[in-house]
Amino acid sequence: QVQLVESGGGLVQAGGSRRLSCAASGRTFNMYAMGWFRQAPGKEREFVAGISRDGGRTYYTDSVKGRFTISRDNPKNTVYLQMNSLKPEDTAVYYCADTGRWGSDSYYQLPRAYEYWGQGTQVTVSS
């Protein structure tokens, strides 16, 4: 049974930092690309960051470039999202997801590319 469990969410002031973690279980972690998405109230789920199976390639949506960093620790079956210089507009539920499918970087920015999702963790940035 595949499980993805996010943690690290909470309340943070604008300009602050937060690190999210996503612990995976149920299949061989390094065989799957990983992504972080977020969903704010009343909005569609949007791509935030993605990382290749070996961690050698990362990609980000424009609004978080230079502020967020995705990384993974394959021996620990965990993917991280380091979020710096947080803004109120970063407030959302953050989800991690994985996929065994192969595609371009633009493909991995689509929710439909992913097979399993975590339950989400709330990040609230106060102004």
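Bear in mind the structure is a predicted one, so any value in this text is a computation, not a measurement.

Rules behind the numbers
- Residues numbered from 1 in each chain as written.
- Predicted model: local features only at pLDDT ≥ 70, side-chain atom pairs only at ≥ 80, totals over all residues.
- Heavy atoms only, no water.
- Phe/Tyr/Trp six-rings, centres within 6.5 Å; stacked < 30°, edge-to-face > 60°.
- Helix = DSSP H or I, 4+ residues; strand = E, 2+ residues; numbered from the N terminus.
- Buried < 20%, exposed > 50% of the residue type's maximum accessible area, 1.4 Å probe, protein only.
- Disulfide = S-S within 2.5 Å.
- Lys, Arg positive; Asp, Glu negative; His and termini not counted.
- Salt bridge = Lys/Arg side-chain N within 4 Å of Asp/Glu carboxyl O.
- Polar contact = N/O pair within 3.5 Å; in protein donor to acceptor, adjacent residues only side chain to side chain.
- Contact = heavy atoms within 4.5 Å.
- Core = buried A, V, L, I, M, F, W, Y, C linked by side-chain atoms within 4.5 Å.

Details of the packing of aromatic side chains
Step number 1: Counted according to the given criterion, the structure contains 7 aromatic pairs.
Step number 2: Their ring planes at 80° and their centres at 5.2 Å tell us that Phe-37 and Tyr-114 sit as a pair that is edge-to-face. Of the two residues, Phe-37 sits in strand β4 (residues 33-39) while Tyr-114 sits in the loop between β9 (92-99) and β10 (116-117), which places them 77 residues apart along the sequence. Across the pair, Tyr-114 and Phe-37 agree in class, each one buried.

A closer look at the state of the cysteines
Step number 1: Taken as a whole and judged by the stated rule, the model has 1 disulfide.
Step number 2: Across the disulfide, Cys-22 is cross-linked to Cys-96 (sulfur-sulfur distance 1.9 Å). Its S-S torsion of approximately 50° makes the covalent link between Cys-22 and Cys-96 right-handed. Placement of the pair is Cys-22 in strand β3 (residues 18-25) and Cys-96 in strand β9, with a sequence separation of 74 residues.

What to know about the side chain of Arg-53
Step number 1: Topologically, Arg-53 is positioned in the loop between β5 (46-51) and β6 (58-60).
Step number 2: Of the buried charged residues, Arg-53 lacks a salt bridge, with Glu-115 as the closest side chain of opposite charge at 7.0 Å.
Step number 3: Only 3.4 Å separates the side chain of Arg-53 from the side chain of Tyr-108, close enough to count as a polar contact.
Step number 4: Excluding anything up to four places from it in sequence, Arg-53 contacts Asn-30, Met-31, Tyr-32, Ala-33, Arg-72, Asn-74, Thr-99, Gly-100, Arg-101, Trp-102 and Tyr-108.

Some thoughts on the nonpolar core
Step number 1: In this structure, Trp-36, Leu-81 and Tyr-94 are the most contacted members of the largest nonpolar core, which totals 25 residues.
Step number 2: Sorting the residues of this core by element identifies β3, β4, β5, β7 (68-73), β8 (78-83), β9 and β11 (121-126) as the ones contributing at least two each.
Step number 3: Judged by nonpolar contacts, the second largest core, of 9 residues, contains Ala-33, Tyr-59, Ala-113 and Tyr-114.

Taken by themselves, the reported measurements are silent on function.
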